[in-house]
Number of protein chains: 2
Amino acid sequence: MPVNLIAPDANSLLPVPGVELGVAKAHIRKPDRKDMLVLKLAEGARVAGVFTKNRFCAAPVIVCKEHLAKAGGDIRALVVNTGNANAGTGEPGLENARATCVELARLLQLKPEQVLPFSTGVILEPLPMDRLLAGLPQCVADLNGQRWFDAAEAIMTTDIVSKGTSRQITLGGKTVTITGISKGSGMIHPNMATMLGYVATDAAISQQALEVLIDHAVNRSFNCITVDGDTSTNDSFIIMATGKAGNAEISDVASAEFSQLQDAVTEVAIELAQAIVRDGEGATKFMTIQVEAGRDVEECRKVAYAIAHSPLIKTAFFASDPNLGRILAAIGYAGVDDLDVNAMQLYLGDVLVAEHGGRAVSYVEEQGAAVMQEAEITVRVVLNRGQTDATVWTCDFSYDYVRINADYRS
Amino acid sequence: MPVNLIAPDANSLLPVPGVELGVAKAHIRKPDRKDMLVLKLAEGARVAGVFTKNRFCAAPVIVCKEHLAKAGGDIRALVVNTGNANAGTGEPGLENARATCVELARLLQLKPEQVLPFSTGVILEPLPMDRLLAGLPQCVADLNGQRWFDAAEAIMTTDIVSKGTSRQITLGGKTVTITGISKGSGMIHPNMATMLGYVATDAAISQQALEVLIDHAVNRSFNCITVDGDTSTNDSFIIMATGKAGNAEISDVASAEFSQLQDAVTEVAIELAQAIVRDGEGATKFMTIQVEAGRDVEECRKVAYAIAHSPLIKTAFFASDPNLGRILAAIGYAGVDDLDVNAMQLYLGDVLVAEHGGRAVSYVEEQGAAVMQEAEITVRVVLNRGQTDATVWTCDFSYDYVRINADYRS
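Cut-offs and rules
- Residues numbered from 1 in each chain as written.
- Chains lettered and ligands numbered in written order.
- Predicted model: local features only at pLDDT ≥ 70, side-chain atom pairs only at ≥ 80, totals over all residues.
- Heavy atoms only, no water.
- UniProt positions renumbered as here; feature names shortened; annotations may be inferred.
- Least-squares fit on C-alpha atoms with pLDDT ≥ 70 in both.
- Contact = heavy atoms within 4.5 Å.
- pLDDT = per-residue confidence, 0-100.
- Buried area = accessible area lost by both parts, 1.4 Å probe.
- Salt bridge = Lys/Arg side-chain N within 4 Å of Asp/Glu carboxyl O.
- Polar contact = N/O pair within 3.5 Å; in protein donor to acceptor, adjacent residues only side chain to side chain.
- Helix = DSSP H or I, 4+ residues; strand = E, 2+ residues; numbered from the N terminus.
- Nonpolar A, V, L, I, M, F, W, Y, C, P; charged D, E, K, R; others polar.
- Buried < 20%, exposed > 50% of the residue type's maximum accessible area, 1.4 Å probe, protein only.
- Phe/Tyr/Trp six-rings, centres within 6.5 Å; stacked < 30°, edge-to-face > 60°.
- Lys NZ or Arg CZ within 6 Å of the ring centre and 35° of its normal.

Per an unreviewed UniProt entry, chain A goes by the name Arginine biosynthesis bifunctional protein ArgJ and belongs to Methylobacillus rhizosphaerae. Reading the Function (unreviewed entry) entry of the UniProt record for chain A gives the comment "Catalyzes two activities which are involved in the cyclic version of arginine biosynthesis: the synthesis of N-acetylglutamate from glutamate and acetyl-CoA as the acetyl donor, and of ornithine by transacetylation between N(2)-acetylornithine and glutamate." The Subunit (unreviewed entry) field of the UniProt record for chain A holds the comment "Heterotetramer of two alpha and two beta chains."

Shown next as C-alpha cells:
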C-alpha cells in the first residue's frame, strides 16, 4: 500500500511554449510500451544539467556533460530511452550514445552536440541500436507541445505511477509556465536504472543565471531525497528555459524576478523529487526528516541522512513503532563529533519525545504511537547549537522492499 | 535459515587460570533466564577496553571509561546485565551504574573503580536496581573457573546461539589459554542493545603492550563487521590478561612472543565477531567483502562498507542474484573520488565478473549464479592502484530482517 501516490492527470501538465515532445514504442526491452521520448526545444533555449557523482557514471551521462560543455547550453533536443541504461558498457557504449545524438541531430537538422542523450534500464548490456535508431523518427513524427503526460509515462521503469507537475507565475506582467516530469522509485536501480528529472519553462533567463538556479533547485529537491542511500550510474536533472514567455531576460541573480522564478522551479523540483520517494520501492510511509539549529548545513544533513538511511529506523516506521532508541542512536553515530546529545530535542510530529539525553518527562508513548500511524510523518531534531536547518525526505522499509529488490531480475 | 551458526559446546570453552565467572537469573526483564554475569579476575590482572564511538553512549560505557582511567587497568571484576541497556537514562543512569560497581566491590572487597559495568537490553528505561543488586550475591556465590559456557548464554539477548571460542598457544615454553565470548545479532539493537565481546587470557603482558594488542585485535575483528551499518550506544570489547600462565611478562611489542599472543587473540576476536554476523538478524548468507590493491586502508574500507551497507546488494544476495550492477554502482559511490573504474576487477568467489568498466568478456552468468547459491560468499574488488587490502564481513538482508526489526517491540 504505497502512500499518497499522486499521478498527474492528463490535463494538469501545461504545455510550455518552445517545447515539443514525441514518444514511441520502440521495443527497447519490452514490446508495446512507450519507451522512448524526444524533447525538442525552440532556437535560443538555455539548458543546464546536474548529474550523478557515481564514479561508474553511464555513457549517456558522459556524453551529456561533453555536449553541454561544447554547446555552452545551446541544447536543442533531448532523447531518453528506457529498458537499457547503457551503463557499464565501456567504449562501445559511448559510441552508441554519440551515434544516437548524431542520428537525432540529422533528423532535426541540429549539430550532434546540441542533443543530450539519457538512458535508464538494465545495465551491462549493449543498447539495441537498431531498435533505438528506428524509434527516433517515430518520436520526431509525434512531436507536439501537448505531450507532457505521455512523456511522463514514456520515461517510467519500475515506477508505479508517472510523475509530473506544472506551475504558472507572472514575471514582469508575463505569464510564465513551468512543467516538469521525473522518474525513479529507488535512488538507484542499477538494473533498471535511475532517477531522471526534467523541468522546462518558457521564462527568458541567461545561461549563467540558469546555472545558479539549477544548483539551488537541485540542492533543495533531488539532493534531499533518499530511498535506500544508493546513488545510480545514470541520475540526471535538467532545466530548460525557452525564453518564449516574453519576459525581459533575467540575468541578475539578485533580482526579484530571479527569486520568483527560482522559487517556482524549486517548488516543481521538490514535488517531482518527493513523488519519487512516495513511489519508493515498497514504501508505505512518507517521512520528512527535519534537522534544525545546527552549526552548518553539512552537520544537519549528516544527522538527517543517518536517520533516513538507518534500516532499523525505516523498519520501525514500517511497523508504526515510535522507537526512540533507534533514532537517538542514529543521531549519535551521524558523525557530528562534538555533538552534545544532552542539549538536543527530538520530536515525532508535534510531540516532544526526547531531551536531556533521554525520554522527555512529558512524553507518553501513546502520543508517539498515534503519530506513527500517520502515512506522512515528520521527525524533527533540534540540535540547539546554531542557526542552520536541513530537510531530507525518505520512506520506510517494508517486506515489499525486500521482495521487489530480491525478485527484481526474475 | 541462518547460515552456519556455530555455537560452542559446553566443553569447548577452556578455563583461563585467574578468571572466575558466576551467573544469575535476576529477572531483570524476563523471568527464568540467565541475565547477569559477574567475571572476577585474580590480583595483578591487566585489562584494556574499546567502546562505542556513538555520541549517545550509555551510562555503563561512561563508567567503564572512568574506571579504566582511574584504576589504570587494575580492574578486578566485570558485571554484565541483559534486559536493560541503561542508555538514554541521563544522570540517574550514571548513578545506577556506579551503585552497581560499589555494591559488587563491597561483596568482593575491591575498590569501586576496579569494577567495570556493562548493560544490554531495552533503552530509555531505568535499571531495576532492586533486582539487579539482588542478583549480585547470587553471581558471586556462583563464581567458578568452569562457567564460560553459562557466561556466554547469560549475556545473550536476541542472539539465536551463544558465542564463544578458545585457543591455546605456547609462549616461552608455557601453555597460554585464550577464551572469549560475545553477543550481538545486529551491529545495534538500541532496544536490546549491543555488541559485547570479552576475551581473557592467562598470558602475562604489560598494560602498555595489552593496549597495543587490543587496538590491533579490534581493528581486524569487531571493527570489520556490519549487519546494518548502525552502531550501538553500548558496544564494548574487553581484553583481560591474568598473568597466571607463568610466561615472562611480555612488554616488548616488537617481540616474537607479543606477535604470537596478538595473533592468537586476534583470531579469537575474529571468530567472535564473525559469529555475530552469522547470527545477523534474518541472515541467510555470510559475505566476505575483500578489497585489494588500494592506496590506503581508508579507501579500501570505504569501498568494502559501501558494498556491505547497500540494501540493494544485500537483498540481491538474499535472492542469490549475481547482480553486478548493484555492486559496481556501490563501488562507484563509495567516495573514492579519483577511482578509475576502468582499472579495477570484480570477482564473485573465484569468478572474474567485471573489468574495464563493464562485464568481463569471459564471464558467463551461470558461473556467478553458482557462486551466489553458496552460504558463504566472497566478493573481491581489486582496485589496482596500491598495495593495501581490507576485509569486511557482513550478511544478507532477508524478509526476516524486516520482520525481526518491525516486530521487535511487540
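Text resumes after the structure shown.
Asker: Mind laying out the relation of the copies chain A and chain B, listing which residues take part and the relevant values?
Answerer: The transform that puts chain A on chain B rotates by 180 degrees and translates by 0.0 Å along the axis, for an RMSD of 0.0 Å. Each copy turns onto its partner about a two-fold axis. Identified as the residue of chain A closest to the rotation axis by C-alpha distance is Tyr399(A), at 2.9 Å. With an isologous cut-off of 70% or more, the 100% of interface residues of chain A that recur at the interface of chain B puts this contact in the isologous class.

Asker: Could you give an account of the confidence of the model for chain A, naming the residues involved and the relevant values?
Answerer: The pLDDT averaged across chain A works out to 91; a share of 94% of its residues lies at or above 70. Here residues 187-193 of chain A is a poorly scored stretch, pLDDT under 50, and it has 48 contacts once near neighbours within four places are set aside; other chains count.

Asker: I'd like a rundown of the interface of chain A and chain B, residues and numbers included.
Answerer: Residue-level contacts link 57 residues of chain A with 57 residues of chain B. Counting each side, the surface lost to burial between chain A and chain B is near 4,600 Å², with a carbon and sulfur contribution of 60%. In this assembly, chain A and chain B are joined by zero salt bridges. The tally of links between chain A and chain B comes to nine residue pairs in polar contact (both at pLDDT 80 or more). Where the side of chain A that touches chain B is concerned, the elements lending two or more residues are α8 (311-318), α9 (324-332), β14 (358-359) and α11 (399-407) of chain A. Here the residues of the side of chain A that touches chain B sort into 26 nonpolar, 16 polar and 15 charged.

Asker: So what about the UniProt feature "binding site: substrate" (unreviewed entry) in chain A? Which residues, and what values?
Answerer: According to UniProt, the positions carrying the feature "binding site: substrate" (unreviewed entry) are Thr157(A), Lys183(A), Thr194(A), Glu281(A), Asn405(A) and Ser410(A). The exposure class assigned to Asn405(A) is buried, which follows from its relative accessible area of 2%.

Asker: Explain the pattern of salt bridges residue by residue, including any values.
Answerer: Residue and element names in this part refer to chain A. Counted under the stated rule, the structure contains 35 salt bridges over all chains. Between arginine 46 and glutamate 249 there is a salt bridge, with its nearest N and O atoms 3.9 Å apart. Placement of the pair is arginine 46 in strand β3 (residues 46-51) and glutamate 249 in the loop between β10 (236-241) and α6 (256-278), with a sequence separation of 203 residues. Linking glutamate 271 and arginine 167 is a salt bridge whose minimum nitrogen-to-oxygen distance equals 3.0 Å. Taken together, the residues glutamate 271 in helix α6 and arginine 167 in strand β6 (residues 163-171) connect sequence positions 104 residues apart. On the basis of relative accessibility, which here comes to 34%, the residue glutamate 271 falls in the partly exposed class.

Asker: Which residues make up the packing of aromatic side chains, and what values do they have?
Answerer: Residue and element names in this part refer to chain A. A complete count under the given rule lists five aromatic pairs over all chains for this structure. Measuring from centroid to centroid gives 5.1 Å for phenylalanine 118 and tyrosine 198, while their planes differ by 90 degrees, and the two rings are edge-to-face. Taken as a pair, phenylalanine 118 in strand β5 (residues 115-122) and tyrosine 198 in strand β8 (residues 196-201) lie far apart in primary sequence, 80 residues in all. Across from the ring centre of tyrosine 347, 4.5 Å away, lies the NZ or CZ of arginine 380, which sits over that ring.

Asker: Explain unusual backbone geometry residue by residue, including any values.
Answerer: A positive phi angle, close to 55 degrees, is found at Gln109(A), a residue other than glycine. The residue Gln109(A) is located in the loop between α2 (90-108) and β5 in this model. For Gln109(A), a relative accessible area of 74% puts it in the exposed group. At His27(B), a position not held by glycine, the phi torsion is positive, near 55 degrees. With respect to the helices and strands, the residue His27(B) is situated in the loop between β1 (19-24) and β2 (36-41).

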